[in-house]
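A look at the structure
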Amino acid sequence: MDKSTFDQYVLQTYKRVPLTLVKGEGMRVWDDAGNEYLDFFPGWGAGNLGHCHPSVVAAVRAQAEKIMHIPNVYYNELQGKLAQLLVASSFDGQVFFCNSGAEANEGAIKLARKRDATKKTIITLKDSFHGRTLATLAATGQPEYQQGFDPLPAGFVYSEPNDVPMLERLMDTEVAAVLLEPVLGEGGVLPLTPAYLRAARTLCDRFGALLILDEVQTGIGRTGRMFAWQHYGVVPDVLTLAKSLGGGMAIGAFVVGRAHCGILGPGSHGSTFGGNPMACAAGVAVLQTIAAEGLLDRAAKTGALLQAGLLRLAQRHALIAEVRGLGMMWGVVLKGEGAEVVMRCREKGVLINCTHGNVLRLMPAITATEGEIAQAITVLDEVLGELPQA
Ligand code: PLP
């Protein structure tokens, strides 16, 4: 189908790149003209294992021949297995399955609100991103995404990232939860400081609020640990997940600490497709592959190479203001707009992303090789060299 026919029939909610991708394998994708690209932002953060990882493909294929969908009133073995694996790799508790990151956060917000009738405020961060449903949009601390969708659900308050005194001022006994991304993704790849996360944990405990960590983007090995909070030693009460958990299949989940598992009882929350066997088969394959292939260590090592490469570029190009990130999640903060850099990288066969207008976002698969990292750094170096330095 040509692009203008596509545009005639598909609602135009995305600024689409003029590429039709038809095939993916590991870190590579191909367009309909047979051109190959190195994908440094696979699946918009959902590609921690790259494209079409053989173990995920095999699991999904095998499951499709058995049963594809089971309503959640019946037991579903794979859902139980995935929940057990998630709990084993996070903290003791139970898991609810849904289909996306927004749904995971929506469920976590519902849980926090239902827990105590006197606590309804949710504190989130300016520049955060938690999803596009009305409640998660209200949680998202970026007014440009909220514009025109009022009235949004009330009770959301925004704090400055890494500003402990501000969080202290906002906390009181009416706060139901503090909802944080350990590294703000859409908000410009901004890692929270260990001191900030620790302060959030302490304040939540002092005021009887839940600490909800949104690891939709940072989870499942992205930062070199299974979950970013494991770098900080700050354990949340609720952990929200999606994106790479499905290895390419749509899935969302939230893990609830054992102390809070009774809040959402029968009838209080649900999803027709949440945790269906196809998505859970993929999720189990993802977690087993990460363990079997030692991908957390690999992500930490390859991520250090990526960081070193980007820091070298920062020394060579005055256009770079800052390099920041964690593990295999890196932002290159430019002194100007990033769209031109993204386009020129694409013309040279490397797909990257730009968020917040001026932050290049590089989130290769955690399976990426040293050679693939070097190739992307070389292309970025060339592109930055072509542009006027601010
Ligand atoms: N939370 C974070 C941190 C995200 O980055 C995103 C999406 O980019 C979401 C939530 C929403 O996830 P979804 O698009 O699957 O609803």
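Located above this text is the structure these notes cover.
Described in the following lines is the structure provided in the data block. (Residues numbered from 1 in each chain as written. Predicted model: local features only at pLDDT ≥ 70, side-chain atom pairs only at ≥ 80, totals over all residues. Heavy atoms only, no water.)

1. Regarding the environment of Arg28
To keep it simple, the criterion reads: In DSSP terms, a helix is any run of H or I states spanning at least four residues, a strand is any run of E spanning at least two, and both are numbered starting from the N terminus. By the convention used here, residues are in contact when the closest approach between their heavy atoms is within 4.5 Å. Identification of polar contacts relies on pairs of N or O atoms within 3.5 Å, with a donor-acceptor requirement for protein atoms, meaning one able to donate a hydrogen and the other able to accept it, and with residues adjacent in sequence counted only if both atoms are side-chain atoms.
Here Arg28 is to be found in strand β2 (residues 28–31). Beyond its immediate sequence surroundings of up to four residues, Arg28 is in contact with Lys23, Glu36, Tyr37, Leu38, His51, Glu372 and Gln375. Here the side chain of Arg28 touches Gln375 through a polar contact of 3.2 Å, side chain to side chain.

2. Considering the packing of helix α11 (residues 295–316) against helix α13 (residues 370–386)
Let me state the cut-off plainly: For every element, the axis is a line fit to its C-alpha atoms; helices are fit only across the contacting stretch, and the angle between N-to-C directions ranges from 0 to 180 degrees. To sort the angles, those under 35 degrees are grouped as roughly parallel, those over 145 as roughly antiparallel, those from 65 to 115 as roughly perpendicular, and the leftovers as oblique. Note: crossing handedness is left-handed where the near helix turns anticlockwise from the far helix by less than a right angle, and right-handed where it turns clockwise. All amino acids are sorted into three groups, where Ala, Val, Leu, Ile, Met, Phe, Trp, Tyr, Cys and Pro are nonpolar, Asp, Glu, Lys and Arg are charged, and the leftover types, Gly among them, are polar.
At a minimum axis separation of 10 Å, α11 and α13 run at an interaxial angle of 15°. Viewed along their axes, α11 and α13 adopt a mutual orientation that is roughly parallel. Considering only the axes of α11 and α13, their crossing is right-handed. Of the residues in α13, those in contact with Thr302, Leu305, Leu306, Gly309, Leu310, Leu313 and Arg316 of α11 are Glu370, Ile373, Ile377, Leu380, Asp381 and Leu384. Taken together, the residues that form the contact of α11 with α13 break down as 8 nonpolar, 2 polar and 3 charged.

3. Details of the side chain of Thr302
Inclusion rule: Each residue's exposure class comes from its accessible area (1.4 Å probe, protein chains only) as a fraction of the maximum for that residue type: buried when under 20%, exposed when over 50%, partly exposed otherwise.
Structurally, Thr302 can be placed in helix α11. Judged by its relative accessible area of 6%, Thr302 is buried. A distance of 2.7 Å separates a polar side-chain atom of Thr302 from the backbone oxygen of Arg298. Each residue touching Thr302, except ones within four places of it in the same chain, is listed here: Met328, Ala368, Thr369 and Ile373.

4. Side note on the packing of helix α12 (residues 339–347) against α13
For the pair α12 and α13, interaxial distance at closest approach is 9 Å and the crossing angle is 130°. With respect to α13, the element α12 is oriented oblique. The interaxial crossing formed by α12 with α13 has right-handed handedness. Contacts between α12 and α13 involve Val341, Arg344 and Cys345 on the former and, on the latter, Val379, Leu380, Val383, Leu384 and Glu386. Classifying every residue of the contact of α12 with α13 by side-chain character gives 6 nonpolar, no polar and 2 charged.

5. A few points about the sheet that holds strand β1 (residues 21–25)
Pairing between sheet strands relies on hydrogen bonds along the backbone, with the strands arranged either parallel or antiparallel. Rules: A pair of strands is treated as paired once DSSP finds two or more bridges between them.
Taken in spatial order, the 4 strands make up an open sheet running β1-β2-β3-β15, and their pairing is mixed. Only two strands of the sheet have a single neighbouring strand rather than two, namely β1 and β15 (350–351). Note that β1 and β2 share 4 bridges and pair antiparallel. Within β2, the position partnered with Lys23 by the bridge is Trp30. Along the sheet face, α13 touches β2, β3 (36–39) and β15 and points at about 100° away from the line of β3.

6. As for the sheet that holds strand β16 (residues 353–355)
Judged by pairing direction, the sheet is antiparallel, and its 4 strands sit side by side in the order β13-β14-β17-β16 without closing on themselves. Strands with a single pairing partner mark the edges of an open sheet, and in this sheet they are β13 (320–326) and β16. In this sheet, neighbouring strand axes are inclined to one another by 25° on average, regardless of whether the strands run parallel or antiparallel. Taken together, the 3 bridges between β16 and strand β17 (residues 359–362) define a ladder with antiparallel strand orientation. Across the sheet, Cys354 pairs through a bridge with Leu360, a residue of β17.

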